[in-house]
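# Tertiary structure, described
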Amino acid sequence: MRQLVRIGAMTALALTVSVAARAQAPSGEITLQAYAGIFQDNYVPAVVEPFMKKFPGVKVNYFQGGNSAQMLGNLRAQKSSPQIDVTIQDVSVQKIANDEGLYAELDPAELPNLNDLAPMARVAGKLGPAVTFDHFTVIYAKETVQPPPTGLKDLWDPKNKGLLAFAAAPDIIGLSLTILTNKMEGGDYKQSIDAGVKKLRDLAPLVQTFDPQPDNYTLIINGTARMGVAWNARSQLYSDLSKGKLGVVLPAEGSAFQINTINLTAGSKNPAAAKAFINYAISPEAQKAFTERMFYAPVNAKTQVSPEALARTAAAPENMAKMVAIDWVYVSTVRDRWNDRWRREIIAASR
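Residues numbered from 1 in each chain as written. Predicted model: local features only at pLDDT ≥ 70, side-chain atom pairs only at ≥ 80, totals over all residues. Heavy atoms only, no water.

### A look at a nonpolar patch on the surface
Judged by side-chain polarity, Met120, Val123 and Met320 come together as a nonpolar surface patch covering roughly 230 Å² of accessible area. The partly exposed category is assigned to Val123, whose relative accessible area is 45%. (Patch = residues over 30% accessible without salt bridge, like charges linked within 9 Å, V, L, I, M, F, W, Y side chains within 5 Å. Areas by Shrake-Rupley, 256 points an atom, 1.4 Å probe, with all protein chains shown as cover. Salt bridge = Lys/Arg side-chain N within 4 Å of Asp/Glu carboxyl O. Buried < 20%, exposed > 50% of the residue type's maximum accessible area, 1.4 Å probe, protein only.)

### Notes on the pairing of strand β3 (residues 86–90)
Burial analysis of β3 places 5 of its 5 residues in the buried class, which makes it a mostly covered element. The side-chain alternation of β3 yields two buried faces, one formed by Val86, Ile88 and Asp90 and the other by Thr87 and Gln89. Relative to β3, strand β1 (residues 28–34) runs parallel, the two being bridged by 2 bridges. Bridging across to β3, Leu32 finds its partner in Val86. Pairing of β3 with strand β9 (residues 255–264) involves 5 bridges; the strand directions are antiparallel. Directly across from Val86, in β9, lies its bridge partner Leu264. (Helix = DSSP H or I, 4+ residues; strand = E, 2+ residues; numbered from the N terminus. Pairing = 2+ DSSP bridges.)

### Some words on helix α2 (residues 38–54)
Given a rise of 1.5 Å per residue, 17 residues ought to cover 24 Å, and the 24 Å separating the end C-alpha atoms of α2 matches this to within 8%. Considered for burial, the residues of α2 that qualify are Ile38, Phe39, Gln40, Asn42, Tyr43, Val44, Ala46, Val47, Val48 and Phe51. (Expected span 1.5 Å × (residues − 1).)

### Things to note about the pattern of salt bridges
One pass over the structure, following the stated rule, counts 15 salt bridges. When the shortest N-O distance is used, the salt bridge between Asp154 and Lys153 registers 3.7 Å. Note that Glu345 and Arg341 form a salt bridge whose closest N and O atoms lie 2.8 Å from each other. Of this pair, Glu345 and Arg341 both sit in helix α13 (residues 328–346), 4 residues apart, roughly one helical turn.

### Considering the packing of aromatic side chains
Summed over the entire model, instances satisfying the criterion amount to 16 aromatic pairs. Considering the side-chain rings of Phe39 and Tyr43, the 5.2 Å spacing of their centres and the 20° angle between planes classify their relative orientation as stacked. Here Phe39 pairs with Tyr43, and both are found in helix α2, just 4 residues apart, close to one helical turn. Taking relative accessible area as the criterion, Phe39 reaches 0% and is therefore assigned buried. Both rings, one in Phe210 and one in Trp342, keep their centres 5.9 Å apart while their planes meet at 90°; by these two values the pair is edge-to-face. Of this pair, Phe210 sits in the loop between β6 (207–209) and α7 (216–221) while Trp342 sits in helix α13, placing them 132 residues apart in sequence. Across the pair, Trp342 and Phe210 agree in class, each one buried. Members of the aromatic cluster, connected to one another through ring pairs, are Tyr35, Phe39, Tyr43, Phe290 and Tyr296. Across the ring face of Tyr330, the terminal group of Lys190 is positioned such that the distance to the ring centre comes to 5.5 Å. (Phe/Tyr/Trp six-rings, centres within 6.5 Å; stacked < 30°, edge-to-face > 60°. Lys NZ or Arg CZ within 6 Å of the ring centre and 35° of its normal.)

### Focus: the nonpolar core
Ranked by size, the top nonpolar core spans 102 residues in total, and within it Leu32, Tyr43, Ile262, Phe277 and Trp342 carry the most contacts. If we skip the residues at most four places from it in the chain, Leu32 touches Tyr43, Val48, Val60, Asn61, Tyr62, Phe63, Val86, Ile88 and Phe277. By size, the runner-up hydrophobic cluster in this structure holds 10 residues, among which are Leu72, Val93, Tyr103 and Ala124. (Core = buried A, V, L, I, M, F, W, Y, C linked by side-chain atoms within 4.5 Å. Contact = heavy atoms within 4.5 Å.)

### Focus: the confidence of the model for the chain
Averaged over the chain, the pLDDT score is 93; the fraction of residues at 70 or greater is 93%. A low-confidence stretch, residues 16–23 stays under pLDDT 50, and its non-local contacts, those more than four residues away or across chains, total 0 contacts. (pLDDT = per-residue confidence, 0-100.)

### What to know about helix α5 (residues 172–184)
Helix length check: α5, at 13 residues, gives a terminal C-alpha distance of 18 Å against a target of 18 Å (1.5 Å per residue), a fit within 8%. Along α5, the positions that sit buried rather than exposed are Ile172, Ile173, Gly174, Leu175, Ser176, Leu177, Thr178, Ile179, Leu180, Thr181 and Asn182. The backbone nitrogen of Ile173 has a side-chain oxygen 2.9 Å away, supplied by the residue at the start of α5, namely Asp171. Gly186, located one to two residues past α5, shows a positive phi value of around 90°. (Polar contact = N/O pair within 3.5 Å; in protein donor to acceptor, adjacent residues only side chain to side chain.)

### Concerning the environment of Val324
Along the chain, Val324 falls in strand β10 (residues 323–324). Exposure remark for Val324: the relative accessible area of 14% places this residue in the buried category. Distance from Val324 to Glu285, taken between C-alpha atoms, is 30 Å for residues 39 residues apart in sequence. With sequence-adjacent residues up to four places away left out, Val324 is seen in contact with Leu180, Lys183, Glu253, Gly254 and Ser255.

### Considerations on the packing of α2 against helix α8 (residues 232–241)
Taken N-terminus to C-terminus, the directions of α2 and α8 make an angle of 90°; their axes are 11 Å apart at the nearest point. The angle between α2 and α8 falls in the class roughly perpendicular. Where α2 approaches α8, its residues Ile38, Phe39 and Asn42 are matched on the opposing element by Arg234, Leu237, Tyr238 and Leu241. Residue composition of the contact of α2 with α8, grouped by class: 5 nonpolar, 1 polar and 1 charged. (Axes fitted to C-alpha atoms, helices over the stretch in contact; angles between N-to-C directions. Parallel < 35°, antiparallel > 145°, perpendicular 65-115°, else oblique. Nonpolar A, V, L, I, M, F, W, Y, C, P; charged D, E, K, R; others polar.)

### A short note on the packing of α5 against α13
Packed helices, taken two at a time, are described by the angle between their axes plus the distance between the axes. Contact pair α5 / α13: the axes reach a minimum separation of 11 Å and the direction vectors enclose 95°. For the element pair α5 / α13, the angle class is roughly perpendicular. Contact with α5, carried on its side by Ile172, Gly174, Leu175, Ser176, Leu177, Thr178 and Ile179, involves Trp328, Val331, Arg335, Trp338, Asn339 and Trp342 of α13 and no other residues of that element. Here the contact of α5 with α13 is composed, by residue class, of 8 nonpolar, 4 polar and 1 charged.

Take a look at the structure:
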């Protein structure tokens, strides 16, 4: 009889714990604002869908926010009544959003995976951490560009006239190109970008488009463009999808390390579910899945990634050795001035 009582008590306790766990589990809907296209095509099956399977009470709506600057505009427009709960965007634009109070602080007591991130993933302190690491590349059409390029200097080849495609500033690829070109010309971007702007003015007449549609990777693969600059993760994936038609080179002059951050909207209508998603997105499980699917370097130090995938990311030692130190927080303070110079001096020179 006592044994039956003990079994009954244990069953009742288990049921109580189960009910309590369900009560504490996040539920409802959240909206994730992030990049469209190939990023969405891979992030949803690698991270969003597994999260919803793990937390069946939560539905994640994926909103295509455009580039990081456009995402910032969306957040500003909704500031009084946010419809977006979580945003993935580059760190230079995140700094502006942080300064404007658009994002909320995150507590490791609520998001334990914050404790396992690489130091450079916490550049924003208590605000949104890094969710991916990436780096700058030169991309080219393997069938028409021979010998293969070795770095940035090859963009100025006269054979590229009308056949270059890449995004101009305010896109971060344009900002990175400014810094790296300026360095190639012997300048320090914190002192002046005059040298870089002058060199990019010379490049402008070779450019087919500063706003590639649907993207510069596709234009190069289908032969519309010959060369461009891009991000490694997408370059690696498009190289595979094109069966090697797209070539990828880490510039001999050095590369820019890029950080995408994941952020909780201040005033989110469902912060519990939003925090659960952010915690999952930076977990070793999610980081491994996305790294091995799309070659973004993991931000969580406990992530175990296959050597083959890691070798194609920014985290590979030989790639890290070529990274140019860039203070993206500083870049956010001069971003508007640089954008203006792109419009007046570089893009105007292409006409």
